[in-house]
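Below are the chains, spelled out letter by letter.
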Amino acid sequence: MGQPSVVIQPPEKRLGNFREVSLGYPKKIVGDEAQRCPQCADALCTFGCPLGVDIPSFIRLLREGKTAEALKKIREQNPLPAICGRLCPAPCEKACILTKEDAPIGVRALERYAADAGRERLTARPHVCKGKKIAIIGSGPTGLTAAAELAKQDFQVTIFEAMEEPGGLLRYGIPEFRLPADVLNGEIHSLQNLGIEIKTNALFSKRENVKRLFQEGFAAILLTLGGGRPVFPDMPGLNLGGVYFAQEFLMRARHFKAERIMRDPYATNIGNRIVVIGSNHAALDCARIAARLGREATVVFPHIEDEMKAVQLELREAKAEGVKIDPLTKPLAIVGNDKSLARGVKCQHMDFADPHSNGQWQLIPVVESEFTIEADTVIVALGQQRNEMIEELVGSEGVFVPEQSASTEGNVVNAIAAGKKIAFQISEYLKK
Ligand code: SF4
């Protein structure tokens, strides 16, 4: 029977807007797909989910038409189901027992349906927490999750966010066509009902400011600052005009409102031919924004497509939008013109070395294969370095840092899992 496809906004239409590309499953498909679930007693899918969502139970509730209850069941383990239903790479589906004989259950799309349809039916009265005070700096997926877990235990949680709206990477690092703002706002609103306070425009640029929070009565501080400076490749030409880093490009696209950018090309000031260096989600997102602005976009990276960090579905959709993917292409330098503006990216082909030379496959540059891809804008999307303030504060009494911050390369479900784990550590610390 196979896994049903989600409804997709057709490429020719979506290239003219920034609205969500994937529209999820319609109600009829949800019913059919929920029926296909074998309801395993020892569900491999639940073991495959980094959050331990009770997948058979929520699917059974969907099957019975109990959408709000299905959402409640998911929220027991996952505070951001509408976001995971869109962005999670769904390791649960790889673990599904049906993978061997047919196709895995479309868990991610079912989760999205439960989140979108169930939220309208769930009413929650705002809760007031009375326990010890906890400060969380940063409102990305890790910070939001930790806040939810701690508020559920009645701790008084305040999130401090440097930007004017909460969400961190989810708001400023992911374009609307993958995560609409109203979906994110809905999830944050649900968390606020747990009693979480969110203060925006609250920038902590020095460690002294962070430590002052203890004097204000906070018993623990969690730093979920996300990425710091971009990763700078060892590559000539980074300082040329027309070279962006992915995070600034994505933030600009989101901040200036996508629809306005389409009317006002100076909001991004990009050329007609764009080369994106990198193979993560951010690289594909930048290229897909460029495609919506009517530009030619090429993504280059030195390995094979299967090793891309982006989800395969996103890769397929990027190609359908006309984004050119050049794997096995190693960027060597950004070359400029006499006005110090980028005019191209010098690259070299990569190929597999003789497997017998050392017993395993490896990629090596092909001799004398250099060539230049013409480009007037180059976007470097190689991820971000760890925020320096974290290094200064890590190890201080009462200050907590999650194992993984949500970087542009990190995936959302791992960021949420990190939030759950660090919340547990904080709660144990405060119970001492
Ligand atoms: S959070 Fe991700 S891994 Fe877990 S059930 Fe949802 S889609 Fe699957």
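Residues numbered from 1 in each chain as written. Predicted model: local features only at pLDDT ≥ 70, side-chain atom pairs only at ≥ 80, totals over all residues. Heavy atoms only, no water.

1. Some thoughts on the nonpolar core
Core analysis: the largest hydrophobic core is formed by 66 residues, its most contacted members being I55, F58, V157, L170 and I426. Once residues lying within four places of it in the same chain are set aside, the contact partners of V157 are I134, I136, A147, L150, A151, G195, I196 and E197. By size, the runner-up hydrophobic cluster in this structure holds 30 residues, among which are F18, I274, I289 and F301. (Core = buried A, V, L, I, M, F, W, Y, C linked by side-chain atoms within 4.5 Å. Buried < 20%, exposed > 50% of the residue type's maximum accessible area, 1.4 Å probe, protein only. Contact = heavy atoms within 4.5 Å.)

2. Considerations on a nonpolar patch on the surface
Together, L44, F47 and I97 give the surface a local cluster of nonpolar side chains, amounting to about 320 Å² of exposed area. With respect to the secondary-structure elements, L44 resides in helix α3 (residues 44-48). Looking at L44, the relative accessible area reads 40%, which means it is partly exposed. (Patch = residues over 30% accessible without salt bridge, like charges linked within 9 Å, V, L, I, M, F, W, Y side chains within 5 Å. Areas by Shrake-Rupley, 256 points an atom, 1.4 Å probe, with all protein chains shown as cover. Salt bridge = Lys/Arg side-chain N within 4 Å of Asp/Glu carboxyl O. Helix = DSSP H or I, 4+ residues; strand = E, 2+ residues; numbered from the N terminus.)

3. Points about helix α4 (residues 55-63)
Among the 9 residues in α4, 7 count as buried, and that is most of the element. Three or more residues of α4 are buried, namely I55, P56, S57, F58, I59, L61 and L62. Phi for G65, located one or two positions after α4, is positive at around 80 degrees.

4. What to know about the site of the ligand
Taken together, C49, P50, I55, N78, C84, C88, P91, C92, V107, R108, E111 and V413 form the complete shell of residues around the ligand. At 3 residues, helix α8 (residues 107-121) tops the list of elements feeding residues into the shell around the ligand. Taken together, the residues of the shell around the ligand break down into 9 nonpolar, 1 polar and 2 charged. (Near = heavy atom within 4 Å. Nonpolar A, V, L, I, M, F, W, Y, C, P; charged D, E, K, R; others polar.)

5. Here we look at the domain arrangement of the chain
The domain boundaries assigned to the chain delineate domain 1 (7-121), domain 2 (133-228 + 385-431) and domain 3 (232-380). Here the C-alpha centre of domain 2 lies 26 Å away from the C-alpha centre of domain 1. Across the contact, 21 residues belong to domain 1 and 25 residues belong to domain 2. Taking both sides of the interface into account, the surface hidden between domain 1 and domain 2 amounts to around 2,000 Å²; carbon and sulfur atoms contribute 71%. When residues of domain 1 are sorted by the area they lose upon contact with domain 2, P79, L80 and L87 head the list and together hold 29% of the total. Counting the contacts that link domain 1 with domain 2 gives 0 salt bridges. At the junction of domain 1 and domain 2, the tally comes to 8 residue pairs in polar contact (both at pLDDT 80 or more). It is helix α6 (residues 81-87) that contributes the most residues to the side of domain 1 that touches domain 2, 6 residues altogether. (Domains from an automatic or database assignment. Buried area = accessible area lost by both parts, 1.4 Å probe. Polar contact = N/O pair within 3.5 Å; in protein donor to acceptor, adjacent residues only side chain to side chain.)

6. Quick notes on the packing of aromatic side chains
Under the criterion given, the structure shown has 6 aromatic pairs. On the numbers, 5.7 Å between centres and 70 degrees between planes, the contact of Y244 with F249 is edge-to-face. Plain terms: the ring middles of F400 and Y429 are 5.2 Å apart, the flat faces sit at 70 degrees to each other, and that makes the pair edge-to-face. Here F400 is found in strand β17 (residues 399-400), whereas its partner Y429 is found in helix α18 (residues 412-431), with 29 residues between them in sequence. What makes Y429 partly exposed here is its relative accessible area of 22%. Pairwise contacts between aromatic rings join F160, F204 and F218 into one cluster. The ring of F218 has K133 lying over it, and the distance from NZ or CZ to the ring centre is 4.5 Å. Sitting over the face of the ring of F177, R292 holds its NZ or CZ atom 3.8 Å from the ring centroid. (Phe/Tyr/Trp six-rings, centres within 6.5 Å; stacked < 30°, edge-to-face > 60°. Lys NZ or Arg CZ within 6 Å of the ring centre and 35° of its normal.)

7. Structural notes on the side chain of Q348
Counting through the fold element by element, Q348 comes out in strand β13 (residues 342-352). Within the local environment of Q348, its side chain forms a polar contact with the backbone oxygen of V366, the two atoms lying 3.2 Å apart. If we skip the residues at most four places from it in the chain, Q348 touches L328, T329, K330, L332, P365, V366, S369, E370 and F371.

8. Digging into the sheet that holds β17
What the 5 strands build is an open sheet, ordered β5-β4-β3-β6-β17; its pairing is parallel. At either end of the open sheet lies a strand with only one pairing partner, and these are β5 (197-199) and β17. In the sheet, strand β3 (residues 133-137) pairs with strand β4 (residues 156-160) via 5 bridges, with the strands oriented parallel. When the sheet's bridge partners are listed, I137 is paired in β4 with F160. Those strands touched by helix α9 (residues 141-152) are β3, β4 and β6 (218-223), and its axis lies near 165 degrees from that of β4. (Pairing = 2+ DSSP bridges. Axes fitted to C-alpha atoms, helices over the stretch in contact; angles between N-to-C directions.)

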